Amino acid sequence: MTIQVQVRALAAALLLASPALAPAQQAAVPVPSAAQGKSLYTSFCARCHGMNMVTTGVSFDLRSFPRDQRERFERSVTQGLRAMPAWGTTFKPEELESLWLYVGSSGSS
Ligand code: HEC
């Protein structure tokens with residue numbers, strides 16, 4: 001093998017290896033999931049909306065929130081609604097997405 005061929009082979013090997021690096025890079029940015037939403041929900045929302053979204057009767061039953069009204073969900077969570085506090089920028093966009101995925105699971109996640 002000439003040096004040139006070796007360099008080319010090495011470059012090809014690196015190219016092939018690069019997709020394998022992708023999952024490690026993605027890990028730095030949390031991927032929104034219902035599971036992440038559940039843990040956020042438990043910390044921030046359960047005291048009013050009930051454990052596992054089973055309402056205690058004092059606030060909106062999130063299990064019945066319409067699934068096609070994501071914009072309303074984000075607006076109500078960030079801006080608040082009557083006795084529901086406004087969360088403003090408490091949640092990053094991917095955390096809001098996780099909360100939405102969790103609400104979409106009706107508490108079964
Ligand atoms: C201090 C108690 C309290 C906390 C904490 C709370 N909520 Fe609420 N939430 C309410 C009340 C009360 C309502 C009913 C508001 C109304 O319709 O008058 C409500 C309503 C809602 C609604 C329905 C709004 C609509 O458009 O009809 C959504 C969605 C919601 N809450 C999501 C959340 C999420 C997500 C969290 C956690 C990040 C959370 N809430 C935390 C009290 C709370």
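All of these numbers come straight from a predicted model, not from anything done at the bench.

(A) Focus on the overall build of the protein chain. Per the secondary structure count, the protein chain includes five helices and zero strands. Along the protein chain, helices and strands appear, N-terminal first, in the series α-α-α-α-α. In the protein chain, which comprises 109 residues, the share counted as buried stands at 12%. Taking contacts inside the protein chain between residues at least 6 apart in sequence as the whole, the part at least 24 apart equals 61%.

(B) Region of the structure containing the site of the ligand. Around the ligand, a shell composed of 20 residues is seen, among which C45, C48, S76, R82 and M84 lie nearest. Among the secondary structure elements, those contributing two or more residues to the shell around the ligand are α3 (46-49) and α4 (70-79). For the shell around the ligand, the element with the most residues is α4, which contributes four residues.

(C) Fine view of the nonpolar core. In terms of nonpolar packing, the biggest core is built from nine residues, these being Y41, C45, M53, L62, V77, L96, L99, Y102 and V103. Contacts of V103, omitting those with residues within four sequence positions, involve L62, F65 and F73.

(D) The arrangement of unusual backbone geometry in detail. Of note in the backbone geometry, N52 takes a positive phi value of approximately 55° without being a glycine. Structurally, N52 is set in the loop between α3 and α4.

(E) The packing of α4 against helix α5 (residues 93-104), seen in detail. Two elements in contact, α4 and α5, have axes separated by 11 Å at closest approach and are oriented at 120°. When the axes of α4 and α5 are compared, the pair comes out oblique. The element α4 and its partner α5 pack so that their crossing is right-handed. Taking contact as the criterion, the partners of R70, F73, E74 and V77 in α4 are, on α5, L96, L99, W100 and V103. Classifying every residue of the contact of α4 with α5 gives six nonpolar, no polar and two charged.

(F) Structural context of the packing of helix α2 (residues 34-44) against α5. Relative orientation of the contacting elements α2 and α5 amounts to 95°, with a least axis distance of 7 Å. One element, α2, and the other, α5, form an angle in the roughly perpendicular class. Contacts between α2 and α5 involve A34, Q36, G37, K38, L40 and Y41 from the former and E95, S98, L99, L101 and Y102 from the latter. The class makeup of the residues in the contact of α2 with α5 is six nonpolar, three polar and two charged.

(G) Structural detail: the environment of Q36. Relative to the helices and strands, Q36 resides in helix α2. With 19 C-beta atoms packed within 10 Å, Q36 lands in the partly exposed category. Once residues within four sequence positions are removed from consideration, Q36 is found in contact with P30 and S98.

(H) Fine view of the confidence of the model for the protein chain. Residues with a pLDDT of 70 or more make up 73% of the protein chain, whose mean pLDDT is 84. The least confident element of the protein chain, judged by mean pLDDT, is helix α1 (residues 3-26) at 56; the most confident is α4 at 97.

Calculation notes
- Residues numbered from 1 in each chain as written.
- Predicted model: local features only at pLDDT ≥ 70, side-chain atom pairs only at ≥ 80, totals over all residues.
- Helix = DSSP H or I, 4+ residues; strand = E, 2+ residues; numbered from the N terminus.
- Buried ≥ 20, exposed ≤ 12 C-beta atoms within 10 Å, placed from the backbone.
- Contact = placed C-beta atoms within 7 Å.
- Near = placed C-beta within 6 Å.
- Core = buried A, V, L, I, M, F, W, Y, C linked by C-beta atoms within 7 Å.
- Axes fitted to C-alpha atoms, helices over the stretch in contact; angles between N-to-C directions.
- Parallel < 35°, antiparallel > 145°, perpendicular 65-115°, else oblique.
- Left-handed = near helix turned anticlockwise from the far one by under 90°.
- Nonpolar A, V, L, I, M, F, W, Y, C, P; charged D, E, K, R; others polar.
- pLDDT = per-residue confidence, 0-100.

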